[in-house]
Amino acid sequence: MKYYILASGSAGNSTALINDNNEILLIDCGLPIVEIKRRLNEVGLDYQQIKKVLITHMHIDHVKSIKAFEPSDLYLNILTEMNSSNLFDYYEEFEVLGFKILTLPASHDSPGTTGFLIEYNNEKMAYITDTGYIHENIQKIINNCDIYCIESNHDPRLLMLTKRPMYLKNRILSANGHMSNQDCAYVLGNIVGPRTKEIVFLHRSQEANTEEMILETFMNTMKKMDVDVSNIKINIA
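Residues numbered from 1 in each chain as written. Predicted model: local features only at pLDDT ≥ 70, side-chain atom pairs only at ≥ 80, totals over all residues. Heavy atoms only, no water.

Draft legend 1. Structural context of the sheet that holds strand β4 (residues 50-54). If you walk across this open sheet you meet the six strands as β1-β2-β3-β4-β5-β6, and the pairing is mixed. Each of the sheet's edge strands pairs with one partner strand only, and the pair in question is β1 (2-7) and β6 (87-88). The pairing of β4 with strand β5 (residues 74-77) spans two bridges and is classified as parallel. Directly across from Val53, in β5, lies its bridge partner Leu74. (Pairing = 2+ DSSP bridges. Helix = DSSP H or I, 4+ residues; strand = E, 2+ residues; numbered from the N terminus.)

Structure follows, in structure tokens:
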């Protein structure tokens, strides 16, 4: 599956999936349009190739440029505020630009927050960001995917040491907040399988996390869970 993560984090989120016709299915549009265009150009793509947009939820870092797209090109959860001709509910299956999509409930403080199980050319990608946890039933659905794009937002200890107000720390740590490195690693230990070849950690906090912490927590957890990840490519968005 060909894809580019254009941005991931509180400053903006957007991922481009490219089909065999060089059409782009965009997941989230949390950057200014000019920045989406620039980042697409950097990887040899053009803004005009964007044909449809999947929205995970309505927080501004995921929908900053949503009004630049036609409502008919947007796919949103029915619990969101936007009007669109392509509304979906949880556990709904549909096809967009050849990509088979299964919508999955995420646990976040924005109505209708959704993760996706995406299948294309016999490959499966689980794309889940902005969630406080991943329920065991969802873990069963996304077991043994080829690619995992999954949130590893913060280290709890480092988060508590930041100067952020306590209400914000509690929000992030809650079941409707963001998934920690430890929780993300444990989930991955349960779901990676023989076909898994790539993991991309999403939505890293610039203030309450580091790339080194993500990798160290992940590798230590895999060792404790006796999960072999030696053949899996690891990236941090």
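Draft legend 2. How the structure looks around the side chain of Asn13. The residue Asn13 is located in the loop between β1 and β2 (14-18) in this model. If near-sequence neighbours (up to four positions away) are discounted, Asn13 is found in contact with Ala7, Ser8, Ile27, Asp28, Cys29, Gly30, Asp61, His62 and His203. (Contact = heavy atoms within 4.5 Å.)

Draft legend 3. Representation of the environment of Ser65 in the model. Note on placement: Ser65 falls in the loop between α2 (60-63) and β5. Judged by relative accessible area, which is 6%, Ser65 ranks as buried. Note: C-alpha distance between Ser65 and Ser205 (140 residues apart in sequence) is 22 Å. (Buried < 20%, exposed > 50% of the residue type's maximum accessible area, 1.4 Å probe, protein only.)

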